[in-house]
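Here's the letter readout for the chains.
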Amino acid sequence: MSENRLSVFKTYKLYVGGKFPRSESGRVYEVTDSKGKWLANAPQSSRKDARDAVVAARKAFGGWSGATAYNRGQILYRIAEMLEGRKDQFAREVADAEGLSKSKAAAVVDAAIDRWVWYAGWTDKIAQVVGGANPVAGPYFNLSSPEPTGVVTVLAPQESSFLGLISVIAPVIATGNTVIVIASQNSPLPALSLGEVLATSDLPGGVVNVLSGRTAEIAAPLAAHQDVNAIDLAGADDVLAKDLEIAAADNLKRVLRPHPVDYTETPGTERLTAFLETKTVWHPTGSLGAGGSSY
């Protein structure tokens, strides 16, 4: 009987607002492996899908940014636990996407999970690294602390379909931002499968939204969107990056420009701090007398 059995092919969908919609346009495009073999049809996102993702990300921002750093760390670690349980699936998708052997793909997935855990550990530490008390001459305290920028659009790296993807998503949400990620155009399947993991974790819907399709087509409306606060151009070429940077200037978005990155190396805090704003609070302590400060 098994000889006549038809394979059940996976239907990949977008991940927006904690749900799995098909593209509003109804369009799909073929995804092939490194040798040109057909793997699946991926949804081809439209401008409407991009706008819907912004709405979902904005709606989720208040709750996510208001959660304690410790709680965000717990949730991110839970996602790592779930990725660990699906390593074989991601290894197959990475092997197909990047033309790697099974063993090398497995090593990439292990590194990606470790990277996620690494960023999870930073959630309740980054404030101590980049914040603090400022020395001032006067009867007041002067304290600076980091706060998330808001809704961030991320163009995922084109070649590193999973390790690079994790490396650009995790730091954005670890610091309390919400994100719209545009998956690698030619290798979107690991990103779309990541949405399935996020949906069954404790991560609130809308914190991460995953779109697939033509990178330039999706990125253009997001770069110009007035409710997007920042954009990471990691997956853009020089021409596209310039166009998006010009569009982003209209509402003074923060822009992280593309530059060569070896995602196998341990990252620093650049992507953690790229989408943080510093808030400074002045607090009076009372008058300073001959005997010192009074409260």
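Residues numbered from 1 in each chain as written. Predicted model: local features only at pLDDT ≥ 70, side-chain atom pairs only at ≥ 80, totals over all residues. Heavy atoms only, no water.

A.B. asks: Please clarify how the layout of surface pockets should be interpreted in this entry.
C.D. replies: Estimated volume of the largest pocket: approximately 460 Å³. As for the largest pocket, its lining consists of 20 residues, of which K10, Y12, L39, A40 and L189 are closest to the centre. Broken down by secondary-structure element, the contributors of at least two residues to the lining of the largest pocket are strand 2 (38-43) and helix 3 (87-98). It is strand 2 that provides the largest number of residues to the lining of the largest pocket, a total of five residues. Across the lining of the largest pocket, the residue classes break down as eight nonpolar, five polar and seven charged. (1 Å grid on protein atoms, 1.4 Å probe; cavity = no way out; pocket = protein on both sides within 12 Å on 5 of 7 lines; lining within 4 Å. Points joined across faces, edges and corners; volume = space filled by probe spheres on them. Helix = DSSP H or I, 4+ residues; strand = E, 2+ residues; numbered from the N terminus. Nonpolar A, V, L, I, M, F, W, Y, C, P; charged D, E, K, R; others polar.)

A.B. asks: What is the right way to read helix 6 (residues 163-174) from this model?
C.D. replies: Side chains of residues three or four places apart in an α-helix project in the same direction, reflecting 3.6 residues per turn. When the terminal C-alpha atoms of helix 6 are compared, their 16 Å separation across 12 residues agrees well with the 16 Å that a helix rising 1.5 Å per residue should span. The buried count for helix 6 comes to 12 of 12 residues, which makes it a mostly enclosed element. Looking only at helix 6, the buried set comprises L163, G164, L165, I166, S167, V168, I169, A170, P171, V172, I173 and A174. Backbone geometry just after helix 6 places G176 at a positive phi near 100 degrees. (Expected span 1.5 Å × (residues − 1). Buried < 20%, exposed > 50% of the residue type's maximum accessible area, 1.4 Å probe, protein only.)

A.B. asks: Looking at this structure, how should I read the packing of helix 3 against helix 7 (residues 189-199)?
C.D. replies: For any two helices packed against each other, the geometry comes down to the angle between their axes and how far apart the axes lie. Contact pair helix 3 / helix 7: the axes reach a minimum separation of 9 Å and the direction vectors enclose 160 degrees. Viewed along their axes, helix 3 and helix 7 adopt a mutual orientation that is roughly antiparallel. The way helix 3 lies across helix 7 gives a crossing that is right-handed. From helix 3, Q89, F90, E93 and V94 reach across to helix 7, where they touch L189, P190, S193, L194, E196 and V197. Considering only residue class, the contact of helix 3 with helix 7 consists of six nonpolar, two polar and two charged. (Axes fitted to C-alpha atoms, helices over the stretch in contact; angles between N-to-C directions. Parallel < 35°, antiparallel > 145°, perpendicular 65-115°, else oblique. Left-handed = near helix turned anticlockwise from the far one by under 90°. Contact = heavy atoms within 4.5 Å.)

A.B. asks: Looking at this structure, how should I read the pairing of strand 7 (residues 208-211)?
C.D. replies: When a strand is regular, its side chains alternate between the sheet's two faces. The two faces of strand 7 match: V208 and V210 on one face and N209 and L211 on the other face are all buried. Summarising the sheet, strand 6 (residues 178-182) and strand 7 pair through four bridges and their orientation is parallel. Across the sheet, I180 pairs through a bridge with N209, a residue of strand 7. Remark: the strand 6/helix 7/strand 7 crossover connection has right-handed handedness. (Pairing = 2+ DSSP bridges. Right-handed = clockwise from strand over helix to strand, strands pointing away.)

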